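Structural overview for review
The chain contents come next:
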Amino acid sequence: MTMRDAQPMVMENEALQALGSGQIAYVRSMTSDDLLTLFPEVPKLESGLHLWVLLNADGTPIMLADSREAVLANAAEQHLQTVWLH
């Protein structure tokens, strides 16, 4: 069999979302305005605040803080491997 003959592997959306869940967390810097756009259920915050968010592999928020160190410490306490999102 050659690479050309190989069939692509298909993964269901639920399986893809769960991949790395509880093991990998994403660290992302964002403003309070971005946060409200991505997560409308978050209470209204002062506009223009610089925040750090820790997200589960499936995209659900784990923690929100005003310092990168705080979200990294939380990830370490939960034994999560962190990945940076830009």
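Notes on the structure follow. Numbering of residues begins from 1 in every chain and follows the order in which that chain's sequence is written. With pLDDT at 70 or above as the cut-off, local features in this predicted model cover only qualifying residues; side-chain atom pairs require 80 or more to be listed or tallied, and sums for whole chains, interfaces and linings still use all residues. Only heavy atoms go into the side-chain values, all of them from the structure, while hydrogens and water stay out.

For the rest of this paragraph, the subject is the pattern of salt bridges. Salt bridges are defined as contacts in which a side-chain nitrogen from Lys or Arg sits within 4 Å of a carboxyl oxygen from Asp or Glu. Inspection of every chain in the model, using the stated rule, returns 1 salt bridge. For Glu 69, the salt bridge is made with Arg 68, and the minimal N-O distance between the two is 3.8 Å. Think of it in three bands: with a 1.4 Å probe and only protein chains considered, a residue is buried below 20% of the maximum accessible area for its type, exposed above 50%, and partly exposed in between. For Arg 68, a relative accessible area of 34% corresponds to the partly exposed category.

A separate point is the side chain of Ser 32. Going along the chain from the N terminus, every DSSP run of H or I of four or more residues is numbered as a helix, and every run of E of two or more is numbered as a strand. Relative to the helices and strands, Ser 32 resides in helix α2 (residues 32–38). Between N or O atoms, a polar contact is any pair within 3.5 Å; within protein, one atom must be a potential hydrogen donor and the other a potential acceptor, and residues adjacent in sequence are included only when both atoms are from side chains. Looking at Ser 32, its side chain comes within polar contact range of the main-chain nitrogen of Gly 48, at 3.1 Å. Among all residues touching Ser 32, those that are not within four sequence positions of it are Leu 45, Glu 46, Ser 47, Gly 48, Leu 49 and Leu 51. When checking whether two residues touch, look at their non-hydrogen atoms; a contact exists if any pair is within 4.5 Å.

As a further point, take the packing of aromatic side chains. The rule is short: rings of Phe, Tyr and Trp, with Trp giving its six-membered ring, pair when the centres are within 6.5 Å, and they are stacked under 30 degrees, edge-to-face over 60, tilted in between. Evaluation of the coordinates by the stated rule reveals 1 aromatic pair. Considering the side-chain rings of Trp 52 and Trp 84, the 6.1 Å spacing of their centres and the 85° angle between planes classify their relative orientation as edge-to-face. Of this pair, Trp 52 sits in strand β2 (residues 50–56) while Trp 84 sits in strand β4 (residues 81–85); the two residues are 32 residues apart in sequence, bridging distant segments of the chain.

On the secondary structure map, Leu 51 appears in strand β2. Here Leu 51 falls in the buried class, since its relative accessible area comes to 8%. In this structure the C-alpha to C-alpha distance between Leu 51 and Ala 65, which are 14 residues apart in sequence, comes to 5.9 Å. Not counting the four nearest positions on each side in its chain, Leu 51 is found in contact with Arg 28, Ser 29, Met 30, Ser 32, Leu 35, Leu 45, Leu 64, Ala 65 and Asp 66.

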